[in-house]
Amino acid sequence: MCEIECFGNYHRGCEHYVKMYESGNKTDCGSPSCALSKAHKHRPGQRTCACAKIPRELRRVLSLIQQRCDECTRAAWATLERESSRVW
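Residues numbered from 1 in each chain as written. Predicted model: local features only at pLDDT ≥ 70, side-chain atom pairs only at ≥ 80, totals over all residues. Heavy atoms only, no water.

Before going further, it helps to spend a moment on the pairing of strand β1 (residues 3-11). Buried residues dominate β1, accounting for 8 of its 9 residues. The sheet contact formed by β1 and strand β2 (residues 16-27) spans 8 bridges and is antiparallel. Bridging from a neighbouring strand, H11 pairs with H16 of β2. Here β1 hands over to β2 after 4 residues, with E15 in that stretch at a positive phi of 60°. Pairing analysis gives 9 bridges linking β1 to strand β3 (residues 56-65), with the strands arranged parallel. Considered in β3, the bridge of F7 is made with R60. (Buried < 20%, exposed > 50% of the residue type's maximum accessible area, 1.4 Å probe, protein only. Helix = DSSP H or I, 4+ residues; strand = E, 2+ residues; numbered from the N terminus. Pairing = 2+ DSSP bridges.)

Following this line, the structure appears as structure tokens:
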């Protein structure tokens with residue numbers, strides 16, 4: 001599977017990686033069963049392509065953040081509001 005280099009932040013509170021941007025650097029895997037590779041091939045007579053079309057992310061960490069990500073923080077507040085029936 002081909003790789004795309006991306007940069008983002010890692011949140012230790014929830015152990016999530018939040019992608020910020022892609023660098024544009026791509027690595028070709030050279031596999032004939034990968035639709036993104038230059039070596040992509042099919043058997044004769046095959047009409048539909050069932051090959052992998054999504055590249056794997058080569059994740060680079062820009063910042064190591066101790067708190068939870070925004071999505072997990074929102075979910076935690078929503079759960080707290082639902083359980084206590086109180087609006088914050």
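Throughout the structure, instances matching the rule amount to 6 salt bridges. Here E57 ties to K19 by a salt bridge, and the two come within 3.1 Å at their closest N and O atoms. Here E57, found in strand β3, pairs with K19, found in strand β2; they are 38 residues apart in sequence, far enough to count as distant. Classification of E57 by relative accessible area gives partly exposed; the value is 33%. Of the residues examined, K19 reaches a relative accessible area of 37% and is grouped as partly exposed. A salt bridge links R59 to E57; its shortest N-O distance comes to 3.3 Å. Sharing partners across several salt bridges, the network here consists of K19, E22, E57 and R59. (Salt bridge = Lys/Arg side-chain N within 4 Å of Asp/Glu carboxyl O.)

Here we come to the packing of aromatic side chains. Following the criterion strictly, the structure yields 1 aromatic pair and no others. Geometrically, the ring pair formed by F7 and Y21 is stacked, given 5.3 Å between the ring centres and 20° between the ring planes. Linking F7 in strand β1 with Y21 in strand β2, this pair joins segments that are 14 residues apart in sequence. For F7, a relative accessible area of 19% corresponds to the buried category. The exposure class assigned to Y21 is partly exposed, which follows from its relative accessible area of 43%. (Phe/Tyr/Trp six-rings, centres within 6.5 Å; stacked < 30°, edge-to-face > 60°.)

Note that every value here comes from positions in space, so none of it alone points to a role or purpose.
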